[in-house]
Amino acid sequence: SITEETVELLAPYLDMEDYNLETAKKVCGNVAGLCSWTQAMAYFYGINKEVLPLKANLALQEGRLAAAQMELNSAQNQLDEKQTELDEVQAMYDAAMKEKQALLDDAGACRRKMNNATALIEGLGGEKLRWTASSKNFQNQIINLVGNVLLATGFLSYSGPFNQEYRNLLLQLWKKEMDNSKIPYSKNLNLTGMLIDNATVGEWNLQGLPNDDLSIQNGIIVTNASRYPLLIDPQGQGKIWIKNKEKNNGLQVTAMNHKFFRSHI
């Protein structure tokens, strides 16, 4: 309750030389205490006069700080909520990007397969006509198989003793009979190609068999006959071929004029 006016009224007394604790003690102890108290209150007023604005400002700032702290806490709560939402969205985004990358990888692999397939299809496109013709040819072969096998077995069974001219004549007669009996066969049938492959023919040629059609037919009859064939071989070509062909199989050679009809070479 001390005011500035009260302090101004006290100022002349406080400035007196004898207004102090030591002098007052000489007069009266109680007066000394009152004297010291009034000095302290005046001094306190001067200090408090400077402190009060600071206290008021402190209270104001504390209020502002409390409001700011509340706002900070509210903002922090909002930040935590948004951070949680962001983490969830980030997780969804990462999952989506991972799935996107997987789809891109699959698409790239699929694109490469498509390119390879396209290149393969384009590369094989030219084979379509050949495959179509081959399929038709195979179908004809199936239809003509019975007649072709009949001609081949007839050739192996009956044409051995004859030369090329009579063999061709036999085939023509058989084909005529098959036409009359409506037995299908290939009009351009090649018996040699049907009964033996080129690799075997090449091997026979290396072993000494001549490369003409008659010799190759004779080789087919010799290798496919169910009984031991008799070769009429004035030039000895067949003998040379058989010796070379069977030399690794322990072939034994003899002559009818041999002393014991058994001679080993």
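The name given to the chain in an unreviewed UniProt entry is DYH5 protein, with the source organism recorded as Certhia brachydactyla.

A. View of a nonpolar patch on the surface. Residues Phe162, Tyr166, Leu169 and Leu173 make up a contiguous nonpolar surface patch of roughly 390 Å² in combined accessible area. Position of Phe162 relative to the elements: it lies in the loop between helix H4 (127–158) and helix H5 (164–180).

B. The UniProt feature "coiled-coil region" (unreviewed entry) in the chain, seen in detail. The UniProt entry lists residues 58–106 under the feature "coiled-coil region" (unreviewed entry), expressed in the numbering used here. Between the first and last C-alpha atoms of residues 58–106 the distance is 68 Å; the span itself is 100% helix and 0% strand.

C. Main features of the nonpolar core. Of all hydrophobic cores here, the largest spans 8 residues; its members are Leu151, Ala152, Phe155, Leu171, Met178, Tyr185, Leu191 and Ile221. Of all elements in the fold, only H4 and H5 reach the threshold of two or more residues within this core. With 3 residues, H4 is the single largest residue contributor to this core. Among the nonpolar cores identified, the runner-up in size contains 7 residues, and Ile196, Trp204, Ile220 and Trp241 belong to it.

D. Examining the side chain of Lys175 more closely. When you line up the elements, Lys175 lands in helix H5. Among all residues touching Lys175, those that are not within four sequence positions of it are Leu151, Tyr185 and Lys187.

Conventions and cut-offs
Residue positions are given per chain, counting from 1 as you read along its sequence in written order. Totals for whole chains, interfaces and linings use every residue, but because this is a predicted model, local features are given only for residues with pLDDT of at least 70 and side-chain atom pairs only at 80 or more, for both listing and counting. Hydrogen atoms and water are omitted, and side-chain values are computed over all heavy atoms in the structure. Think of a patch as exposed residues, more than 30% relative accessible area, with no salt bridge, where like charges cluster within 9 Å and nonpolar side chains (Val, Leu, Ile, Met, Phe, Trp, Tyr) cluster within 5 Å. What sets the accessible areas is the Shrake-Rupley method with a 1.4 Å probe; for residues, cover comes only from the shown protein chains. One side-chain nitrogen of Lys or Arg within 4 Å of one carboxyl oxygen of Asp or Glu is enough to make a salt bridge. Counting from the N terminus, the helices are DSSP H or I runs at least four residues long and the strands are E runs at least two residues long. UniProt positions are given in the numbering used here, feature names are shortened, and annotations may be inferred rather than shown by experiment. Among buried residues, those of type Ala, Val, Leu, Ile, Met, Phe, Trp, Tyr and Cys that are joined through side-chain atoms within 4.5 Å constitute a nonpolar core. Buried, partly exposed and exposed residues are distinguished by accessible area as a fraction of the type maximum, computed with a 1.4 Å probe on protein chains only: under 20%, between the cut-offs, and over 50%, respectively. Two residues form a contact once any of their heavy atoms are found within 4.5 Å.

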